[in-house]
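For reference, the chains in residue letters:
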Amino acid sequence: MRIRQEVFFALELPYRERLVLERTIYQGGGGPRVAVVSGIHGDELEGLFVCHRLAASLERLGKERPDALLGQVELYPALNPLGLDTLQRAMPIYGVDLNRNFPGHRAGLLPHRVADAAMRALAGASLVVDIHASNIYLREIPQVRIAKAFEATLLRLARDMNLDLIWVHGAATVLENTIAHSLNTIGTPCLVVEMGVGMRVTPVFAEQVVIGILHAWQALGVLAEDLEIEPNAHAPLIAHDGNVHYLNAEVSGLFVPSAAHWMALGKGQLLGRIVSPLRGEVLAEVRSPVEGVLFTLREYPLVYEGSLLARIMETQR
Amino acid sequence: MNEAERSAYDGGERVLLHMTAPSREDFDVPYHDLGPQHEAPMLALVAGVHGDELNGVFVLSRLASFLRKVVAGERAGATLLRRVLVVPAVNVLGVNTRSRNWPFDGTDVNRMFPGYDGGETTQRIAAALLELTTAARWRIDIHSSNVDFEELPQVRLYAPSGEEREAARWLGLPAVVERPATPPFHATLASAWRERGGGALVIQAGYAGSMQPLHCERLFRALVDFFERAGLLIGVRLAEPEEDVHFFGPRHSFPIISEHAGWFVSRLEVGQWLQAGEMVGTIYDGFSGELRSEVHTPISGLVSGIRRQPLLCEGDLVARILSRQEVGDVADTYLMGHGQ
């Protein structure tokens, strides 16, 4: 097994420094090539930790069973390093969401050039996993999100990835310029994993997703069939636009949850309250409209009218 | 509006949306509803979808003041014939906190259309704005690029109809630029208007983060011209010379991109015409102060935009030239997604 850390994109900044994007490549046999990308949003750190844990697994494999890496693994932990290093979700300087600038352009602005470099690097891979950590407002159970248009290819790949949920969603125009949409459009399968919450690391979720990714790589022939991997402990529920319920705040205030994340809920069960910081008043009670499971829960307490508080997947009809 | 209607008229101030806030008083997104109230609106004017684009906010507030005086009979001989909606600032909290996006969650309101009245805060704002303005025969959304780049006051059309091309001419601005309706344009207010039929125009003028009075004056004049030519207003003639209006197709826009980083300095003004080879600006090394390169335009044309931010990354846009020849490439399609 050959391991190399290399620069795959560099660009001059105004005052002496360069913006440098790095990847680590684990090269085994001539089998399939797979990749993991994260850190497209500078406030999402969960994927960086998953990359670290995958790197540790591969480096251990290199010592104990180097023959078991039949293909090539590429880790791209930080596609937006300026955002990560300055605690900004968007790309600093431009203030734009990098994940709305794909497939990019070689002769465009910095975000377009980064997107273009990532597309060139990843095109042709047998599987790309793009790891997100929601944002600073919401906590997500480990899940894969699949656009309906790519369901036939991606659902099969996602089923055995040790996730709790697979959400097959309809087309949204704002998603057309994401890395996942752009890669899937050119025939490179890309799964979007959402897990945890922005600006934090959730080790238990990371370990769960690492096991799932290793199984996916084994199924693709990147890892030897006889390599022992900890068994999957999670089987996904299948969510779709028809069974996912959004709970948005009907009043502004402070949201205090009374239900736990990934908890089964009865119809009408209390999820939390929106309270006034100025008075002892409860402004609203938030209750589940259905029997289901709470897979998204608000982490950041302050809410405006319309702020998303929770998503529930209905389990009984 | 007759005398009885005029006396019953309340000044036209309305509320598009009323919202509570977590720890301060409730807030509104207000607008002006001017002219005959018994008919459907003929025109909707919108600005301040981005909270840092101040030219449009100021011009629409001044225009509302002017139209109120017309309606009140304080402008002798002038009559507002048709109903007009004016929303000076959609992103009210963004204006007050000098933020381009919705300040609470950082979302770009102009990527939230068509919106959803039961959704996120900015989706609710988008849905309410779209519902209000869709009823108008003509709609104009006014923008100001971003804080780094100054745009010549111009009309932007996206895959337009013949009527939209004609209406763009009524504004009398020096450039009308056609763009393809590619993904950077999707989810914008103008795109949602297009999908619902009727006319939709986008205006770009100046740069964000501050106000440029000369651009504002030109914009004000352009809107009054539009009112007059669209048959909304009679009895007002602003004593300014007519300007030539130049039309530029989707492939007539040429971005000048720098392949050097450093300090960019330019004495150019938007609206100048350049010959191929003329200087656009100079780039200095930010540390040594040495000249790194001179930037020259490879083509002749109208300077429709110039960089005002000196800090320059490799690959940054320093100017945009509108040419009479086909010169653009696909890169410009992406660049156009910025500042709108």
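Colleague: Looking at this structure, how should I read the overall build of chain A?
Modeller: Looking only at helices and strands, chain A features 6 helices and 17 strands. For 317 residues, the compact-globule estimate of 2.2 N^0.38 gives 20 Å, and the C-alpha radius of gyration of chain A, at 20 Å, lies within 12% of that figure. Seen through its principal axes, chain A has C-alpha atoms that stretch 60 × 50 × 35 Å. In chain A, which comprises 317 residues, the share counted as buried stands at 50%. A fraction of 65% describes how many contacts in chain A between residues 6 or more apart in sequence connect residues 24 or more apart.

Colleague: It is not clear to me how the interface of chain A and chain B should be interpreted in this structure. Could you clarify?
Modeller: By a widely used convention, the size of an interface equals the accessible area lost when the partners come together. Tallying the contact residues gives 35 residues for chain A and 37 residues for chain B. At the level of secondary structure, the elements contributing two or more residues to the side of chain A that touches chain B comprise strand S1 (2-12), helix H3 (110-122), strand S11 (253-257) and strand S16 (302-303) of chain A. Counting residues per element, the side of chain A that touches chain B draws most heavily on H3(A), which supplies 3 residues. Its residues assigned to classes, the side of chain A that touches chain B shows 18 nonpolar, 11 polar and 6 charged.

Colleague: I would appreciate a short explanation of the packing of helix H2 (residues 54-71) of chain B against helix H7 (residues 213-229) of chain B in the present structure.
Modeller: A packed helix pair is summarised by two numbers, namely the angle formed by the two axes and the spacing between the axes. All names here are of chain B. Contact pair H2 / H7: the axes reach a minimum separation of 10 Å and the direction vectors enclose 50°. One finds that H2 runs oblique with respect to H7. Handedness of the crossing formed by H2 with H7: right-handed. Every residue of H7 that contacts H2 at Asn55, Phe58, Val59, Arg62 and Leu63 is listed here: His215, Cys216, Leu219, Phe220 and Leu223.

Colleague: It is not clear to me how the nonpolar core should be interpreted in this structure. Could you clarify?
Modeller: It is characteristic of soluble globular proteins that their nonpolar side chains tend to be buried jointly. Core analysis: the largest hydrophobic core is formed by 189 residues, its most contacted members being Val36(A), Ile213(A), Val46(B) and Val86(B). Looking at this core, the element that brings in the most residues is H2(B), giving 10 residues.

Colleague: Honestly, the domain arrangement of chain B in this entry has me stumped. Any pointers?
Modeller: All names here are of chain B. One can read the domain layout of chain B as domain 1 (3-247) and domain 2 (253-324). The gap between the C-alpha centroids of domain 1 and domain 2 is 31 Å. On the side of domain 2, 12 residues touch domain 1, which itself brings 12 residues to the contact. Looking at the side of domain 1 that touches domain 2, the elements that each hand over two or more residues are strand S7 (149-158) and strand S8 (175-179).

Rules and cut-offs
Residue positions are given per chain, counted from 1 along the sequence in the order it is written. Note on labels: chains are lettered from A, ligands numbered from 1, in written order. Where totals are concerned, whole chains, interfaces and linings use all residues; where local detail is concerned, this predicted model gives features only for residues with pLDDT of at least 70, and gives and counts side-chain atom pairs only at 80 or more. Helix numbering and strand numbering both begin at the N terminus, where a helix is a DSSP run of H or I of at least 4 residues and a strand a DSSP run of E of at least 2. For the radius of gyration, the atoms used are the C-alpha atoms, and the globule rule reads 2.2 Å times the number of residues raised to 0.38. Counting other C-beta atoms within 10 Å of a residue's own tells you its class, since 20 or more makes it buried, 12 or fewer makes it exposed, and anything in between is partly exposed; those C-beta atoms are placed from the backbone. The contact rule is simple: place each C-beta atom from the backbone, and if two of them lie within 7 Å, those residues are in contact. Under the scheme applied, nonpolar residues are Ala, Val, Leu, Ile, Met, Phe, Trp, Tyr, Cys and Pro; charged residues are Asp, Glu, Lys and Arg; polar residues are all the others, including Gly. Helix axes are fitted only over the stretch in contact, all axes being lines through C-alpha atoms; the angle between N-to-C directions runs from 0 to 180 degrees. Angle categories: roughly parallel below 35 degrees, roughly antiparallel above 145, roughly perpendicular from 65 to 115, and oblique for all the rest. Each helix crossing is assigned a hand: it is left-handed if the near helix lies turned anticlockwise from the far helix by less than a right angle, otherwise right-handed if that turn is clockwise. To count as a nonpolar core, a set of buried Ala, Val, Leu, Ile, Met, Phe, Trp, Tyr and Cys residues must be joined through C-beta atoms within 7 Å. As annotated, the domain borders come from an automatic or database domain assignment.

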